[in-house]
Amino acid sequence: MEKFLLRNVGVPNSHEIDVYIGRGGYQALAKALKEFEPQELVNLVRESGLRGRGGAGFPAGVKWSFLPKGVYPRYLVCNADEGEPGTFKDRVLIEHDPHGLIEGIIISSYACEVEHAFIYIRGEYVFGAKRLEKAVAQAYERGYLGRNILGSGYDLELTVHRGAGSYVCGEETGLLTSLEGDRGHPKLKPPFPASQGLYRKPTIINNVETLFNVPFIVEHGAEWYKGFGTERSPGLKLFCISGHVNKPGVYELPLGTPMMTLINDYAGGPSKPIKTVIPGGSSTPMLPPDVLETLTLDYEALAAAGSMLGSGAVIVVGEGTCIVRLVERLAEFYRHESCGKCIPCREGTDWLYKIMHRIEHGQGREEDIDLLLDICDNISGKSFCPLGDAALGPITSSIKHFRDEYLYHIRERRCMV
Amino acid sequence: MEPLVTLTIDDREVTVPAGTTVLNAAKSVGIEIPTLCYYEKLAPFGGCRICLVEIEKMRGLQTACTTVVRPDMVVRTASPEVLKTRKAILEFLLTNHPLDCPVCDKGGECDLQDFVFKWGPTESRYIEEKRHKRKAYALSPLIVKDEERCVLCRRCVRYLEEWADDLQLDYFERGRLTRVDTFPGQPFDSVFSGNTIDICPVGALTSRVFRFRARSWELEKVPSVCAYCGVGCNITLDVKTNKLRRISGRENPAVNDGWLCDKGRFAHQYIDSPERITRPLVRKDGELRPASWDEALNLVSQRLREIVRESGPRSVGGVGSATVTNEAAYLFQKFVRTVLGTNNVDHLGRLPDGARPLPSMTEVREADAILLFGADTLEEAPVIELFIRRAANLKGTKVIVANPRRINLTRYGGPWLAYRPGTEVALLNGLAHVILAEGLHKEGRRVAELKEWVKDYPPDKVEEITAVPAETLREAARVLTEAQKAVLIYGPDTVRGPNGQACLTALNNLALLIGAHEPGCLAQEPNSWGVLDMGLAPHLYPGRQRLDDKVRERLGKRWKAQLPSEAGLGLDEMLKAALDGELEALYIMAANPAMDHPIGDEALEKLKFLVVQDLFLTETAQLADVVLPAASFAEADGTFTNMAGRVQRLHQALRPLAEVKPHGQIIVDLARVMGQEIGATMPLEHYSPQAVMEEIARVAAPYEGLSYGSLGDDGIPVTTEGGTRRFAQADFRPPATDAAYPLALVTGRLLYDRSPLFARSEIMRQLVPEPFVEINPADAETLRIADQDAVTVSSARDSLELRARVSDDIRPGCVFVPLHLNEMPVVALSEAGAAVTWVKVTKR
Amino acid sequence: MLSENAKAEIEQLKGKYPDPKSALLPALYVAQREHGWLSPEVMRDVAEVMDLPPAEVASVASFYTMFNRQPVGENLIQVCTNISCSLLGAEHIVEYLKSKLGIDVGETTPDNKFTLVTVECLGSCGTAPMMQVNDTYYENLTEEKIDRILAELAERKG
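Here the structure is a predicted model, which means the values were calculated and not measured.

**As for the overall build of chain C**
Then, in step 1: Along chain C, the regular secondary structure elements total seven helices and four strands.
Then, in step 2: The linear arrangement of helices and strands in chain C, starting from the amino end, is α-α-α-α-β-α-α-β-β-β-α.
Then, in step 3: The principal-axis extent of the C-alpha atoms belonging to chain C is close to 50 × 35 × 25 Å.
Then, in step 4: Across the 158 residues that make up chain C, the buried fraction comes to 56%.
Then, in step 5: Of all intrachain contacts in chain C linking residues separated by at least 6 positions in sequence, the fraction that spans at least 24 positions is 59%.
Then, in step 6: Surface summary for chain C: the accessible area is close to 6,600 Å², and the carbon and sulfur share equals 48%.
Then, in step 7: Distance between charge centroids for chain C: 3 Å, based on 14 positive and 24 negative side chains.

Next up, the structure:
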């Protein structure tokens, strides 16, 4: 099928502004500035049904409409702190099509009447940050950024800001605190960022991919966009597939595409028989192979299957992988990334890891399984930000689907595989 | 009035003002929801999650500390899910808590301990190894940190952020490794550090002074008032076995709001100092030797009588101090007037006539602009500094600093008027000039007259006189006039000396012009106002009544005594008279003029007879013929009147050591020996401060109706009459200069100094800096003086040997020498009554 | 400690943001680029230029994994061991590097050329296993590829 989001990936020098313009870039921006009032753009994006691609799936246009009327300055922050294990789609867009992102940011900023936008990119993406900085400089030179953009009278500053190694900064309020020059502790909500965000001013935070979709919606219209995907999960989505498949990578598919189409037709099929699939990034509950045949990749179907679409990061885990070891590693990750502000997440992730570690190292007790579940229950919904909950998915789902393997590990004091 | 909201909490209907949190709504009907990170004086944090409650129609549990009530909300604080969560949070904390409660100073007053007792798990499911972090290390000479006990509620950090505006502690690392610490290798250096102990919910931050001195439940808690500065912070004295173990802040929103400075909190060990005088001393063969009370009092009685008989009552006098209670001060002046028969009575550091108390603390805290004239709240009234910092930090309150020396509050950029000493009146007239010239003043009568009086002080000329740039002066004027609630505060030295009254007048003019409250004096002693109210001054009777015939007659009747009609001598005059041989005997109560008065030393040596009652053998006491051991503030009952005119009660917490007696009691006993009752004794002849207060309430009008009963624990403000407020002419007289001594001496107190009590408080005294003279780099360069050089500071009168501290904190042309750091009195450099002391600095 | 150039650069960064405090992370990067790691002395200098309490600067620096608070070797080898890399042999990559370099994870070679650490997901899951050396990603690692990379790095500068 025709590519949109990835249309420039693989084109030589796709990150250069001339190449981008030569391929029709910045046309949507011109159209947006000429033909739309900001509010009309908000309505358009709302009509398109575009949902946040960072993981939570909140409708972008609705989020924009939460901005309090008449309060300025407003900020827009592009969340490029891609950190959910298994996810690497934003990196591909940033490195190969930085102008596509910038165009999306400018249009969205215009829609939200923002005068200063930021791209918060994770610190490890040094290459991506350099590409973005260069692209931003080029966009300034050509008048797509700065004062009076394309003669429209609209002004916008865009600043690329690097994180420095912290997963929790991908959480939108953690990101804001970090951008404010502080430790990336999430902030109290309410007030929500739309009313008091960056520097306590109204702020819109959208994921790279979300913003990347906007120019296409402007160019082709909401109806066109809704023509992709399902009724409740409209549009195009990038899926990053990794793990035990033959052709891991990023693929663009309409939402609602069958899981097995992604695995077999795009990712070249599994490299080992599938033991489990983590469908939306490491925090989403893993699924057993038997549900995969009928599973489609959209928000609703994955929720119905007991998991989440998340960031669209499909991790295929083949036979021969020790689930306990895998979950222990993820528990270690969440413990490492807990910011420490709230007790359930700080202490809970530490405890969960210690128990997993003990089981993995042959010191498990059968009662540990119920203990793990009870600790998960004690964290669930009680932590300050979603990180606490994110840590639970791998544990609860693995116990649900692989309890026997846990028991084997505990009783035999070794791996089943 | 806020609209009210009605909601349901645990099946009870609760009505509270809109904007109340669920936590406080529950508290208002006595429903307890535990909290750790929440602290009512700090912005909500929401981190500990222990206050999670169930609210109908809301997904998941909600933090009660951050959720604001809404009409018809239905809250459950004890549902099975809430209780399970609460237990879980406590279990999470306990997984890595050291459980070293048996050796924890917080034991018995630890929130975590109490919460676990009420809601926690009864057994541990945690079998892993606990995390180990640093135990019991010194964050500073005063504070001990235990990282394992810390629950990371961030109260201490938030307090430093929001109140002290001095972020010396912060989180380090993250997640499970998070700890609260200082910058690597740097001690926690703040005069507000002790408050973090009070607000720490666990034993993570503890006091090195209190460490292992008692278990909290053994302590008897006695409400009292701090006896160090004029703020009058409310404190609790924690006592065990007749020893003061700890001082902590006591809630009183009208005063310190629970906060303390470290001096008030930690510097109390002087009470137990082995240097305390515990028995009367009498000079025999040139040496002070222990004696019985009978012997000492008889000797005092006999000698005073002799001298009065031989040289008349004018030849004796009494010098008190503003560090004693109202009751003691009242009895002292009564003793001098009725028993000795003279009005020669005064105290050290008396505030000049016309000085007015600070407006209430609430007004200071709510001000949107503060002018601090010749005062440094950090050194002289730290808790007020804390309030001002908070206001400047969180509300943007402007702080205009008029001071030749940079103080901490200049950091708020408010602006800083670094005037030349002696030019205060010109500066103030200049401010009035700008306000009038720019038409910024509030309407007022007689403005035209004032305009005329200040017409010679345009900004350019004021710049020439004061060295304050014209633009800075204009900015200050604008800031003052733009404020809705400006407060003017001045240091007592500003309104002393030959220009003092003119300065006061000019300050009053300024306040009137901008429609502000009367300017208030930052009184430095704990009872500066009270002792004046008690008549501890030659020209004032109790209630600040002037010494006219009518009052004298009325008072004489009440006191059943013939009161002297002759005007009395003030302290300066008494000491001069002593030098001249006209004053032969002095009775000194808790004052140290040998150190604190320019001629104290020489004058006292000339006396025929000197009696001193005090805690220590001060420089003054060493010159005495009889020394009487007096009680500390914790060993006697009484009241202080703070710098805002609030009368507050001190409760006796300790039995005095050995033969020590309260100041008031000594006076009563002496009077009796001398054959006169001066009242206020109980049938059993025990001194009764309560009865003294009853007498004061009858005699001193502002205190009318006051009693220990009515004072309660929070005290009562008394207002002494101020005069009618009107503009008046404030004449500026340029200070005389002396080419041989080109530098103007600026002196001031430091919070930590070598004054008698502080210098005898262990642990704290190591924080006292070495004596120094601060000199501007420009002057230092001219004089070829480098930082830390040994130098001599000399005036026409005397000289001091000090270390140079080269810093632009002091303006050029001035040097700053702190008081009470030296063995030598700094005041000896000054001519009594000179507007400016001129000195020179030479390298040794 | 911090050079005048670095101070000037930080001053300039402060101007990029509506609130200069936002420049703290960029400022710490400037300092780290100059010194290789963030010593207390350097952080104190950053605090001064940023007009922030030193404790706050050190606190922020300690929150983020990319700020080195210990000296590191010329080449900081960061091997991702998170899920996707781990599924494709990251542990083996770590073991191989350990034996090649003769150091354990968290250590620096005696010649100060290499420091070896393991890190969390670097967003290179489709090209696993991978490692980052200083700013550069090396993907689809094999033993042979590692040999080549290490040889190249060892030759670079002095």
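There is more to say, and it comes next.
**So, the nonpolar core**
Then, in step 1: One finds B:V231, B:L237, B:I384 and B:F633 to be the most contacted residues of the largest nonpolar core, which totals 203 residues.
Then, in step 2: If you tally residues by element for this core, the top one is helix α12 (residues 424–437) of chain B, at nine residues.
Then, in step 3: Counting residues in hydrophobic clusters, the runner-up holds 77 residues, among them A:V45, A:L93, A:I119 and A:V214.

**Details of the interface of chain A and chain C**
Then, in step 1: On the side of chain C, 38 residues touch chain A, which itself brings 56 residues to the contact.
Then, in step 2: A buried area of about 3,500 Å², summed over both sides, lies between chain A and chain C, and 56% of it is on carbon and sulfur atoms.
Then, in step 3: Among the residues chain A hides against chain C, the three largest losses belong to A:A164, A:R183 and A:R329. Together they make up 17% of the total.
Then, in step 4: Counting across the chain A and chain C interface gives four salt bridges.
Then, in step 5: Among the ionic pairs, C:E139 bridges to A:R91, the shortest N-O distance being 2.9 Å.
Then, in step 6: Applying the counting criterion to the chain A and chain C interface returns 22 residue pairs in polar contact (both at pLDDT 80 or more).
Then, in step 7: Only β2 (116–121), α7 (126–141), β3 (157–162), α8 (172–179), β5 (236–243), β10 (313–318) and α13 (323–337) of chain A provide two or more residues apiece to the side of chain A that touches chain C.
Then, in step 8: If you tally residues by element for the side of chain A that touches chain C, the top one is α13(A), at eight residues.
Then, in step 9: In terms of residue class, the side of chain A that touches chain C is made up of 23 nonpolar, 20 polar and 13 charged.

**Side note on the pattern of salt bridges**
Then, in step 1: This model, assessed by the stated rule, comprises 104 salt bridges over all chains.
Then, in step 2: As a salt-bridge pair, A:E366 and A:R411 come within 2.8 Å of each other at their nearest N and O atoms. Placement of A:E366 in the loop between α14 (343–360) and α15 (367–379) and of A:R411 in helix α17 (residues 393–412) is noted, with a sequence separation of 45 residues between them.
Then, in step 3: The class of A:E366 is partly exposed, set by a relative accessible area of 42%.
Then, in step 4: Here B:E566 makes a salt bridge to B:R314, at a shortest N to O gap of 3.3 Å. Linking B:E566 in the loop between α18 (549–559) and α19 (571–579) with B:R314 in the loop between α7 (293–311) and β16 (316–321), this pair joins segments that are 252 residues apart in sequence.
Then, in step 5: Several salt bridges share partner residues, and in doing so they unite A:R335, A:R346, A:E347, A:D350, A:K354, B:R131 and B:R176 into one network.

**As for the interface of chain C and chain B**
Then, in step 1: Each side of the interface is counted separately: chain C has 14 residues, and chain B has ten residues.
Then, in step 2: For the pair chain C and chain B, the interface holds one salt bridge.
Then, in step 3: Two residues, B:E173 and C:R69, come together in a salt bridge whose shortest N-O distance is 2.8 Å.
Then, in step 4: Run the count over chain C and chain B and you get six residue pairs in polar contact (both at pLDDT 80 or more).
Then, in step 5: Contributing elements (two or more residues each) for the side of chain C that touches chain B: α3 (40–50) and α4 (54–63) of chain C.
Then, in step 6: The element best represented in the side of chain C that touches chain B is α4(C), accounting for seven residues.
Then, in step 7: Along the lines of polarity and charge, the residues of the side of chain C that touches chain B split into eight nonpolar, three polar and three charged.

About the cut-offs
- Residues numbered from 1 in each chain as written.
- Chains lettered and ligands numbered in written order.
- Predicted model: local features only at pLDDT ≥ 70, side-chain atom pairs only at ≥ 80, totals over all residues.
- Heavy atoms only, no water.
- Helix = DSSP H or I, 4+ residues; strand = E, 2+ residues; numbered from the N terminus.
- Buried < 20%, exposed > 50% of the residue type's maximum accessible area, 1.4 Å probe, protein only.
- Contact = heavy atoms within 4.5 Å.
- Areas by Shrake-Rupley, 256 points an atom, 1.4 Å probe, with all protein chains shown as cover.
- Lys, Arg positive; Asp, Glu negative; His and termini not counted.
- Charge placed at Lys NZ, Arg CZ, Asp CG, Glu CD.
- Core = buried A, V, L, I, M, F, W, Y, C linked by side-chain atoms within 4.5 Å.
- Buried area = accessible area lost by both parts, 1.4 Å probe.
- Salt bridge = Lys/Arg side-chain N within 4 Å of Asp/Glu carboxyl O.
- Polar contact = N/O pair within 3.5 Å; in protein donor to acceptor, adjacent residues only side chain to side chain.
- Nonpolar A, V, L, I, M, F, W, Y, C, P; charged D, E, K, R; others polar.

Treat this as a map of the structure, not an account of what it does.
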